[in-house]
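Chain by chain, the residues:
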Amino acid sequence: MTDTEPAAPVRETAESIATMEIRGAATIAAAAAEALAEQAEAAAASGETASDPTAFRASMRAAGRTLRETRPTAVSLPNALRYVLQRMEGETVDELRRSVIGASDAFVRQLDRAQEDLGQVGANRLADGDTVMTHCHSTDALACIEAAVDQGKSISAVVKETRPRQQGHITAEQLRDAGVPVTLIVDSAARRYLDEVDHVVVGADSIAADGGVINKIGTSGLAVNARERGVPIMTAAQTIKLHPETLTGHTIEIEMRDESEVVDPEAREEIGEIDVENPAFDVTPPRYMDAIVTEHGQFPPESIVTLMRELFGEGAEEPWAEP
């Protein structure tokens, strides 16, 4: 490789992320942070980058760009890069190397315990005898319920099936395996069953700087109904789901999925000429969310921006870009 070209482990990791061999927010983030540490080791071992701090920094930025370009819409990926590269500091190559490796190790350690820590925080919001309602499938939301059960609390669940892909079936199965009594309902019955629910727990695909929660379509309607019924609702999300670019006005694009998830081609032909839309996510305004639960504690939605800045800096910063 040339002096600033990413090392082989970085290129291999980038390929695995791009082909979705590595998938899932936490897994992608950990792989990216570890790849930066491997780049630091390789760059400090030979060539111009081993003796020139400027060249070393350039090689780290190049590695960051290679990783960033793999999944442009993945929130956790740039968060991992920001966390590590913004903590790269020192006057010598060895100091720079050690700072990168230290930041990478710290980031991965936080990831390893993040869901467990988050689950404990969320569990403290649930009381013995509570019935919770869930939407879609979120391992972070499940962690809160499972931690409450581990605390000895009796918890039951009303699980929305979550059309069109019925991810609620996965949630129902995993809660049942955890010993939680489950009632599965169709999405349109949510308002009726809110009268029997003590808490709503959802996950997040990403969280905006104003505390808006981007999650599976149907979350915002559920949140509005929960507020009208006086049922508290919390979002459980690791901090890798925070979206720092929204600090500078970046808008989050809502993915439109294939219409075949909603209606099969044969039925569509029978119905006649119609348009079919299948948005994957919606945005729940912060005023409808009671709390955002993270591994760093629980936050009112409007105050999540403070944690976002503390962890990832200002949203416009791209430490992988050329100066």
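Residues numbered from 1 in each chain as written. Predicted model: local features only at pLDDT ≥ 70, side-chain atom pairs only at ≥ 80, totals over all residues. Heavy atoms only, no water.

Per an unreviewed UniProt entry, the recorded name for the protein chain is Ribose 1,5-bisphosphate isomerase, and the organism is Halorubrum saccharovorum DSM 1137. Per UniProt, the protein chain has the following entry under Catalytic activity (unreviewed entry): "alpha-D-ribose 1,5-bisphosphate = D-ribulose 1,5-bisphosphate". (UniProt positions renumbered as here; feature names shortened; annotations may be inferred.)

Participant: Where do I start with the layout of surface pockets in this structure?
Facilitator: Rolled over the atoms, a probe sized like a water molecule indicates the empty space that remains. By volume, the largest pocket is sized at about 1,500 Å³. What lines the largest pocket is a set of 50 residues, among which Arg71, Asp205, Lys241, Glu255 and Phe281 lie closest to the centre. For the lining of the largest pocket, the secondary-structure elements that each account for two or more residues are helix H2 (25-43), helix H4 (76-85), helix H6 (139-150) and strand E6 (213-216). Among the domains, domain 1 (8-115) and domain 2 (120-312) are the pair contributing at least three residues each to the lining of the largest pocket. (1 Å grid on protein atoms, 1.4 Å probe; cavity = no way out; pocket = protein on both sides within 12 Å on 5 of 7 lines; lining within 4 Å. Points joined across faces, edges and corners; volume = space filled by probe spheres on them. Helix = DSSP H or I, 4+ residues; strand = E, 2+ residues; numbered from the N terminus. Domains from an automatic or database assignment.)

Participant: Would you mind going over the pairing of strand E2 (residues 156-160) with me for this structure?
Facilitator: Successive residues of a regular strand alternate their side chains across the two faces of the sheet. Of all 5 residues in E2, 4 are buried, a share of seventy percent or more. Strand direction decides the pairing type here: strand E1 (residues 131-134) and E2, joined by 4 bridges, are parallel. Across the sheet, residue Thr134 finds its bridge partner in E2, namely Val159. Between E1 and its parallel partner E2, the chain crosses via H6, and the hand of that crossover is right-handed. When E2 meets strand E3 (residues 182-185), the two strands line up parallel, connected through 4 bridges. Along E3, the bridge assignment pairs Val158 with Thr183. A crossover connection joins E2 to the parallel E3 through helix H7 (residues 168-177); in handedness this β-α-β unit is right-handed. (Buried < 20%, exposed > 50% of the residue type's maximum accessible area, 1.4 Å probe, protein only. Pairing = 2+ DSSP bridges. Right-handed = clockwise from strand over helix to strand, strands pointing away.)

Participant: Even after reading the chapter, I still don't get a negative patch on the surface, so can you show me in this structure?
Facilitator: Together, Glu12, Glu34, Glu38, Asp105 and Asp112 make up a region of like negative charge exposed at the surface. By secondary structure assignment, the location of Asp112 is in helix H5 (residues 93-123). (Patch = residues over 30% accessible without salt bridge, like charges linked within 9 Å, V, L, I, M, F, W, Y side chains within 5 Å. Areas by Shrake-Rupley, 256 points an atom, 1.4 Å probe, with all protein chains shown as cover. Salt bridge = Lys/Arg side-chain N within 4 Å of Asp/Glu carboxyl O. Lys, Arg positive; Asp, Glu negative; His and termini not counted. Charge placed at Lys NZ, Arg CZ, Asp CG, Glu CD.)

Participant: Where do I start with the UniProt feature "active site" (unreviewed entry) in the protein chain in this structure?
Facilitator: The sites that carry the UniProt feature "active site" (unreviewed entry) are, in the present numbering, Cys136 and Asp205. Spatial clustering of the annotated residues is evident: they stretch over 70 residues in sequence, but the largest pairwise C-alpha distance comes to 11.1 Å. Among the residues just listed, Cys136 line the second largest cavity. Within the secondary structure, Cys136 sits in the loop between E1 and H6.

Participant: Can you walk me through the sheet that holds E2 in this structure?
Facilitator: Two pairing modes exist for strands in a sheet, parallel and antiparallel, and in both the strands are linked by backbone hydrogen bonds. Taken in spatial order, the 7 strands make up an open sheet running E3-E2-E1-E4-E7-E9-E10, and their pairing is mixed. Every other strand in the sheet has two partners, leaving E3 and strand E10 (297-299) as the edge strands with one partner each. Recorded for the sheet is a direction-independent mean angle of 25° between the axes of neighbouring strands. Sitting on the sheet, H5 is in contact with strand E7 (233-236), strand E9 (291-294) and E10, with an inclination near 145° to E9. Contacts between helix H9 (residues 219-229) and the sheet are confined to E1, E2, strand E4 (199-202) and E7, with E4 contributing the most and set at about 160° to the helix. (Axes fitted to C-alpha atoms, helices over the stretch in contact; angles between N-to-C directions. Contact = heavy atoms within 4.5 Å.)

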